[in-house]
Amino acid sequence: IENPEEIFEINYSEEKDNFIEIDKSWDGLKFLFSKLKTRDKNELSKLISNEQEILLDVSDMYDLNFLTQEQVRKITTELNSVTESEIKEVFDFKAMNEMDIYGNPFDENYISYFVEYFQKVKSFYQIATNKKKAVITFIS
């Protein structure tokens, strides 16, 4: 946060669990999390983007945010309470297309894509929690 330019000095190839690439699933996951019942939807949506911005003037990157170690732990707790079945239940490709969710158009076959990335995100956050790490998120 104090030296944001150091984000470009991180060697992502050194540690497999040091980063996650979620392709174009970010907006769809945010949509799916918003549809889950009895969950802290606000907490889950923070894993994609939040208002804790890292100020860095880079034209090809936007929405650069961070989550504290405690926030990562809370999100992991929420993620661990969500099942694959619940993600499948709230998947609505027609609504996602109507809302112009990034990566569209979708059809019924995209559920496996979102479940795959949901599992990857869940695993990543569990590792970050176990290692007591903060998380930086960005969309480029």
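In this text, all values refer to a predicted model and were calculated from it rather than measured experimentally.

Visitor: Hey, could you go over the packing of aromatic side chains for me, with residue numbers and the actual values?
Guide: Enumeration over the complete set of coordinates arrives at 10 aromatic pairs. Ring centres 6.3 Å apart and planes at 65° place the aromatic pair Phe33 and Phe118 in the edge-to-face group. With Phe33 in helix H1 (residues 26–35) and Phe118 in helix H6 (residues 111–130), this residue pair connects regions lying 85 residues apart in the sequence. Residues Phe33 and Phe118 agree in their burial class; the two are buried. Members of the aromatic cluster, connected to one another through ring pairs, are Phe91, Phe93, Phe106, Tyr110, Tyr113, Phe114 and Tyr117.

Visitor: How would you sum up the packing of H1 against H6? Please name residues and give values.
Guide: Axis separation between H1 and H6 bottoms out at 10 Å; the angle between their running directions is 85°. Between H1 and H6, the interaxial angle falls into the category roughly perpendicular. Contacts between H1 and H6 involve Gly28, Leu29, Leu32 and Phe33 from the former and Phe114, Tyr117, Phe118 and Val121 from the latter.

Conventions we followed
- Residues numbered from 1 in each chain as written.
- Predicted model: local features only at pLDDT ≥ 70, side-chain atom pairs only at ≥ 80, totals over all residues.
- Heavy atoms only, no water.
- Phe/Tyr/Trp six-rings, centres within 6.5 Å; stacked < 30°, edge-to-face > 60°.
- Helix = DSSP H or I, 4+ residues; strand = E, 2+ residues; numbered from the N terminus.
- Buried < 20%, exposed > 50% of the residue type's maximum accessible area, 1.4 Å probe, protein only.
- Axes fitted to C-alpha atoms, helices over the stretch in contact; angles between N-to-C directions.
- Parallel < 35°, antiparallel > 145°, perpendicular 65-115°, else oblique.
- Contact = heavy atoms within 4.5 Å.

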